[in-house]
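Descriptive analysis of the structure
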Amino acid sequence: MGTYVVTGSASGIGAAVRERLLSAEHEVVGIDLRDADIEADLSADDGRSAAVAAVRERTESLDGAVLCAGLGPTAPTRLIVSVNHFGTVAVLDGLRDLLAGGADPAVVVIGSHAPMVTPLVDHTLADTMLAGEEDATHAAAEELPGFAVYALSKEAVIRAVRQRVPDWGADGIRLNVVAPGPVETPLLEETRKDELLGPASDALPMPLGRIGAPDDIASVVEFLLGSGASYMHGAVVVVDGGTDCGARPNLF
Ligand SMILES: NC(=O)c1ccc[n+]([C@@H]2O[C@H](COP(=O)([O-])OP(=O)(O)OC[C@H]3O[C@@H](n4cnc5c(N)ncnc54)[C@H](O)[C@@H]3O)[C@@H](O)[C@H]2O)c1
């Protein structure tokens with residue numbers, strides 16, 4: 001069976017992905033701040049490099065990676081950009097050669113439907129993230145509310161994935177994004193406690209009438225990693241119980 005890296009493997013969506021892959025008898029190398037095979041802080045350069053180096057010590061090739069580690073809109077804004085965008089991109093790029101050596105390798109990055117459902121007029125912060133200017137994004141992010149920084153961090157990481165699609169496709173590495181809506185995890189619990197974001201999150205239209213479970217996302221991730229998705233490359237798959245359609249029925 002295959003060997004997969006899962007970041008954010010200790011909780012929520014990452015833990016559900018890890019469980020699914022283990023149930024399918026794959027080998028999983030989990031990366032997280034704690035309770036993981038590799039304990040590393042992806043908010044900082046040294047933690048990112050240490051995580052990638054530790055993966056290299058364990059394996060010479062990877063069949064896939066699922067990049068779930070992330071922080072929600074109530075976290076400090078500098079950490080939101082550093083984990084959600086820079087940490088994800090650093091691990092993605094750091095694993096590229098290992099993935100190129102895998103069997104039908106595929107990557108799934110966990111984005112969010114936030115860039116779609118959040119009214120954003122100024123995308124400069126996402127542009128700055130994509131320019132690789134981490135220090136500049138910290139200063140700029142402090143001027144914005146957490147929900148906007150969160151949505152822009154997810155916009156930036158989705159754009160970063162899409163920008164890599166032509167080049168990585170030539171190496172046979174498929175890249176896709178899953179963009180979840182509300183999912184019952186500690187991240188959503190924290191968001192609910194916020195006096196502004198809690199009610200805003202509860203007010204989102206829920207056409208299926210329920211909040212997602214982590215395994216609702218993990219099952220789609222598993223599909224995207226597998227041969228049934230062999231022609232999917234560069235897709236942003238929204239898995240949100242219809243919330244985005246409820247909020248923007250005439251846009252896609
Ligand atoms: N839960 C939701 O409603 C929801 C909706 C859309 C997108 N997402 C995204 O799904 C992903 C997973 O979130 P979740 O809801 O499972 O949350 P979670 O809090 O349950 O899990 C996130 C994991 O990321 C890890 N992490 C955070 N900072 C880290 C760091 N500096 N270094 C290493 N690991 C770190 C945490 O320790 C945790 O285990 C995130 O990228 C999140 O933005 C979640």
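Above this note sits the structure.
Described in the following lines is the structure provided in the data block. Here the structure is a predicted model, which is why all the values come from computation and not from measurement.

What follows is about the overall build of the protein chain. Looking only at helices and strands, the protein chain has twelve helices and seven strands in total. Relative to a compact globule of 252 residues, whose C-alpha radius of gyration would be 18 Å, the protein chain shows 17 Å and is just as compact. Counting across all 252 residues of the protein chain, residues that qualify as buried make up 49%. Once local pairs closer than 6 in sequence are excluded, the contacts in the protein chain between residues at least 24 apart make up 78%.

Now for the packing of helix H3 (residues 77-94) against helix H7 (residues 134-142). In contact at an axis separation of 8 Å, H3 and H7 are set at 135 degrees when each is read in the N-to-C sense. As judged from the angle between their axes, H3 and H7 are oblique. Considering how the two elements wind past one another, H3 and H7 form a crossing that is right-handed. Contact with H3, carried on its side by Thr77, Arg78, Ile80, Val81, Ser82 and Phe86, involves Glu134, Thr137, His138, Ala141 and Glu142 of H7 and no other residues of that element. Here the residues of the contact of H3 with H7 are counted per class, giving four nonpolar, four polar and three charged.

The environment of the ligand is made up of 25 residues, and the closest members are Gly8, Gly12, Gly70, Thr185 and Leu187. For the shell around the ligand, the elements supplying multiple residues, two or more each, are helix H1 (12-23) and helix H9 (186-193). Of the residues in the shell around the ligand, the class split is 15 nonpolar, eight polar and two charged.

All right, on to unusual backbone geometry then. Unlike most non-glycine residues, aspartate 35 shows phi in positive territory, near 55 degrees. Checked against the element boundaries, aspartate 35 lands in the loop between strand E2 (27-32) and strand E3 (38-39). Even without glycine at this site, aspartate 104 takes up a positive phi of about 45 degrees. By the secondary structure assignment, aspartate 104 is in the loop between helix H4 (96-100) and strand E5 (106-110). For aspartate 104, a count of 14 C-beta atoms within 10 Å corresponds to the partly exposed category.

Take the sheet that holds E3 next. Taken in spatial order, the seven strands make up an open sheet running E3-E2-E1-E4-E5-E6-E7, and their pairing is parallel. At either margin of the open sheet sits one strand with a lone partner, and together these are E3 and strand E7 (236-239). For E5 and strand E6 (residues 174-180), the ladder comprises five bridges, and the chain directions are parallel. Within E6, the residue paired with valine 108 across the bridge is asparagine 176. Of the strands in this sheet, strand E1 (3-7), strand E4 (64-67) and E5 touch H3, which is tilted by about 175 degrees from E4. Docked against the sheet, helix H8 (residues 146-170) engages E5, E6 and E7, running at close to 160 degrees with respect to E6.

Before going further, it helps to spend a moment on H3. Helical periodicity: at 3.6 residues per turn, an α-helix aligns residues three or four positions apart in one direction. Here H3 contains 18 residues, and its C-alpha end-to-end distance of 24 Å stays within 8% of the 26 Å for a straight helix at 1.5 Å per residue. Along its length, H3 shows its largest kink, about 30 degrees, at phenylalanine 86.

Another aspect to go through is the environment of glutamate 184. With respect to the helices and strands, glutamate 184 occurs in the loop between E6 and H9. As a C-alpha pair, glutamate 184 and isoleucine 13 span 171 residues in sequence and 9.0 Å in three-dimensional space.

Now for the pairing of E1. Most of E1 sits out of view: five of its five residues are buried. Both faces of E1 are covered, namely the face carrying Thr3, Val5 and Thr7 and the face carrying Tyr4 and Val6. Of the strand pairs in this sheet, E1 and E2 are connected by five bridges, and their pairing is parallel. Residue pairing in the sheet places threonine 3 in a bridge with glutamate 27 of E2. Crossover handedness for the path E1 to H1 to E2: right-handed. Note that E1 and E4 share four bridges and pair parallel. Residue pairing for E4: valine 5 is matched across the bridge by alanine 65.

Rules of the game
Residues numbered from 1 in each chain as written. Predicted model: local features only at pLDDT ≥ 70, side-chain atom pairs only at ≥ 80, totals over all residues. Helix = DSSP H or I, 4+ residues; strand = E, 2+ residues; numbered from the N terminus. Rg over C-alpha atoms; globule rule 2.2 N^0.38 Å. Buried ≥ 20, exposed ≤ 12 C-beta atoms within 10 Å, placed from the backbone. Contact = placed C-beta atoms within 7 Å. Axes fitted to C-alpha atoms, helices over the stretch in contact; angles between N-to-C directions. Parallel < 35°, antiparallel > 145°, perpendicular 65-115°, else oblique. Left-handed = near helix turned anticlockwise from the far one by under 90°. Nonpolar A, V, L, I, M, F, W, Y, C, P; charged D, E, K, R; others polar. Near = placed C-beta within 6 Å. Pairing = 2+ DSSP bridges. Expected span 1.5 Å × (residues − 1). Bend = angle between axes of the 7 residues up to and from the residue. Right-handed = clockwise from strand over helix to strand, strands pointing away.

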